[in-house]
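So the chains spell out like this:
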Number of protein chains: 2
Amino acid sequence: MTDLPQISEQPEPIVLDAIDRAIIARLHDNARIPNIDLAREVGVSPSTCLARVRSLRERGVIIRYTAEINPAALGYTLQALISVRIRPGARHLMEQISDELRTEPEVAQLFFLGGSEDFLIHVRVRDSAHVRQFVLKNLSANPAVALTETNLVFEHHTALSAGLRTVL
Amino acid sequence: MTDLPQISEQPEPIVLDAIDRAIIARLHDNARIPNIDLAREVGVSPSTCLARVRSLRERGVIIRYTAEINPAALGYTLQALISVRIRPGARHLMEQISDELRTEPEVAQLFFLGGSEDFLIHVRVRDSAHVRQFVLKNLSANPAVALTETNLVFEHHTALSAGLRTVL
DNA sequence: GCTGAAATCTACGTTAG
DNA sequence: CTAACGTAGATTTCAGC
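Residues numbered from 1 in each chain as written. Chains lettered and ligands numbered in written order. Predicted model: local features only at pLDDT ≥ 70, side-chain atom pairs only at ≥ 80, totals over all residues. Heavy atoms only, no water.

What follows concerns the protein's contact with DNA strand D. Neighbouring DNA strand D are A:Pro34, A:Asn35, A:Ile36, A:Leu50, A:Arg54, B:Val44, B:Ser45, B:Ser47, B:Thr48 and B:Arg52. By atom count, sugar and phosphate contribute 83% of the portion of DNA strand D lying within 4 Å of the protein. B:Ser45 has a polar backbone atom sitting 2.9 Å from a phosphate oxygen of DNA strand D. Between B:Thr48 and DNA strand D, the recorded distance is 3.1 Å, taken from a side-chain N or O atom to a phosphate oxygen. Those elements that place two or more of their residues in the surface near DNA strand D are helix 2 (35-42) and helix 3 (46-58) of chain A together with helix 3 (46-58) of chain B. With three residues, helix 3 of chain B is the single largest residue contributor to the surface near DNA strand D. Split into classes, the residues belonging to the surface near DNA strand D amount to four nonpolar, four polar and two charged. (Near = heavy atom within 4 Å. Polar contact = N/O pair within 3.5 Å; in protein donor to acceptor, adjacent residues only side chain to side chain. Helix = DSSP H or I, 4+ residues; strand = E, 2+ residues; numbered from the N terminus. Nonpolar A, V, L, I, M, F, W, Y, C, P; charged D, E, K, R; others polar.)

Here it is in structure tokens:
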């Protein structure tokens, strides 16, 4: 899925009180916590808690609930970051290239960047031959691509979203 | 949380059949789908489905269930990628620096890299002044840091894990 | 908007194929 | 390993504060 556009959204500014933030933090940590337990932990009744969770979902604060999958279990044990520069005359093709890349099963994340590089692609692959093949097929073969640089990922950590640590 | 180490794990190799993969794909899309619906969609009985989901959880295929939170709703509307190079004589401090960075609320992801750069940090911040302050305080002030480079993120896309598209 | 109780539905252990 | 049954407990609606 995609993050929401970062400008000129929010018809009504989203206001979250301490209970909302506590709910968010707990659901981020465990999306399947029973509503009754969640309610007790944040200090409201189950029905109130349910109404708040729904409101958060409807206002787009909670984007979705997802299961984190261990990619190694699926046979993809290697990760790499590939930075890509598009030829200056081909910048109008960036949306199309992005759409094509996102259909490739190896692509885990895609960043559009400002600065000297245009894309950063986070891929999950079987081995180094696989990443080489990915670059050749999906990037080097495209005449709009000016330059690529591949870095292997040794470790990858993800953290709780900003602004939620203090309520845990 | 952290991805599992990428080498020498799996006492027993994890084998997943088509039903397991279908379950994984649906739980990745919606971690809160009722077991009864999940069972119907993948074509097994609810009790069988529940047993499979548990097994996937116990074998570490499903790492956890999490709610994706819209960072913009929390007031963090700007994203940046910061690449960091550590001084060659200070490489032994990398673990310590990593641990310190991960306690900062702005840090969403942290990559340990091979190649010319050592770290890549994905941060979520309020504005450009905030990211500048982050770099000054957490990186430039550290004598082990040789070089940093900050790129603003215009868009960020995340995709379904590799190997699951075909079963959807 | 919050609370508490009633009805519906789900999860999950047990039994059996 | 898989399917069916039964119970305990959760979710969700609704009336009242």
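DNA strand C sits among A:Val44, A:Ser45, A:Ser47, A:Thr48, A:Arg52, B:Pro34, B:Asn35, B:Ile36, B:Leu50 and B:Arg54. Sugar plus phosphate, as a fraction of atoms of DNA strand C within 4 Å of the protein: 72%. A:Thr48 has a polar side-chain atom sitting 3.1 Å from a phosphate oxygen of DNA strand C. Secondary structure elements with two or more residues in the surface near DNA strand C: helix 3 of chain A together with helix 2 (35-42) and helix 3 of chain B. The element contributing the most residues to the surface near DNA strand C is helix 3 of chain A, with three residues.

Here we come to the relation of the copies chain B and chain A. Once chain B has been moved 0.0 Å along the axis and rotated by 180°, it coincides with chain A to within an RMSD of 0.1 Å. Both copies are brought into coincidence by an operation consistent with a two-fold rotation axis. Judged by C-alpha distance, B:Thr66 is the residue of chain B that lies nearest the rotation axis, at 2.8 Å. Both copies present the same face, since 100% of the interface residues in chain B are matched by interface residues at the equivalent positions in chain A. (Least-squares fit on C-alpha atoms with pLDDT ≥ 70 in both. Contact = heavy atoms within 4.5 Å.)

A few words on the sheet that holds strand 5 (residues 145-158) of chain A. Pairing is antiparallel around the closed barrel formed by eight strands, whose spatial order is 2(A)-4(A)-3(A)-5(B)-2(B)-4(B)-3(B)-5(A). Neighbouring strand axes in the sheet, compared pairwise and without regard to direction, differ in orientation by 35° on average. Here helix 4 (residues 94-102) of chain B sits on the sheet in contact with strand 5 of chain A together with strand 2 (78-86), strand 3 (107-113) and strand 4 (119-125) of chain B, set at roughly 165° to strand 3 of chain B. In the packing of helix 5 (residues 128-140) of chain B onto the sheet, the strands contacted are strand 2, strand 3, strand 4 and strand 5 (145-158) of chain B, and the crossing angle to strand 2 of chain B comes to about 25°. (Pairing = 2+ DSSP bridges. Axes fitted to C-alpha atoms, helices over the stretch in contact; angles between N-to-C directions.)

Okay, the UniProt feature "domain: HTH asnC-type" (unreviewed entry) in chain A next. With numbering aligned to this structure, UniProt lists the feature "domain: HTH asnC-type" (unreviewed entry) at residues 16-77 of chain A. This span, residues 16-77 of chain A, is 53% helix and 13% strand, and a straight line between its end C-alpha atoms measures 39 Å. (UniProt positions renumbered as here; feature names shortened; annotations may be inferred.)

Time to look at the domain arrangement of chain A. Annotation of chain A at the domain level lists domain 1 (18-59) and domain 2 (71-153). Between domain 1 of chain A and domain 2 of chain A, the C-alpha centre-to-centre distance is 38 Å. (Domains from an automatic or database assignment.)

In this section: the interface of chain B and chain A. With 72 residues of chain B at the contact, the number on the chain A side is 72 residues. Between chain B and chain A lies a buried interface of about 6,900 Å² when both sides are counted; carbon and sulfur atoms form 50% of it. The tally of links between chain B and chain A comes to two salt bridges. Seen at the junction of chain B and chain A, the total is 33 residue pairs in polar contact (both at pLDDT 80 or more). Broken down by class, the residue content of the side of chain B that touches chain A amounts to 36 nonpolar, 22 polar and 14 charged. Note that strand 1 (residues 62-69) of chain A and strand 1 (residues 62-69) of chain B share seven bridges and pair antiparallel. (Buried area = accessible area lost by both parts, 1.4 Å probe. Salt bridge = Lys/Arg side-chain N within 4 Å of Asp/Glu carboxyl O.)

Secondary-structure assignment places A:Ala31 in the loop between helix 1 (18-29) and helix 2. Residues within four places of A:Ala31 in sequence aside, it is in contact with A:Tyr65, B:Arg32, B:Tyr65, B:Thr66 and B:Ala67.

Let us look at the pattern of salt bridges. All names here are of chain A. Overall, the coordinates contain 16 salt bridges over all chains when judged by the stated rule. Between Asp 118 and Arg 91 there is a salt bridge, and its shortest N-O distance comes to 3.5 Å. A residue pair is termed long-range when its members are at least 10 positions apart, and Asp 118 in the loop between strand 3 (107-113) and strand 4 (119-125) and Arg 91 in the loop between strand 2 (78-86) and helix 4 (94-102) qualify at 27 residues. Here Lys 137 makes a salt bridge to Glu 104, at a shortest N to O gap of 3.8 Å. Taken together, the residues Lys 137 in helix 5 (residues 128-140) and Glu 104 in the loop between helix 4 and strand 3 connect sequence positions 33 residues apart. For Glu 104, a relative accessible area of 15% gives the class buried. (Buried < 20%, exposed > 50% of the residue type's maximum accessible area, 1.4 Å probe, protein only.)

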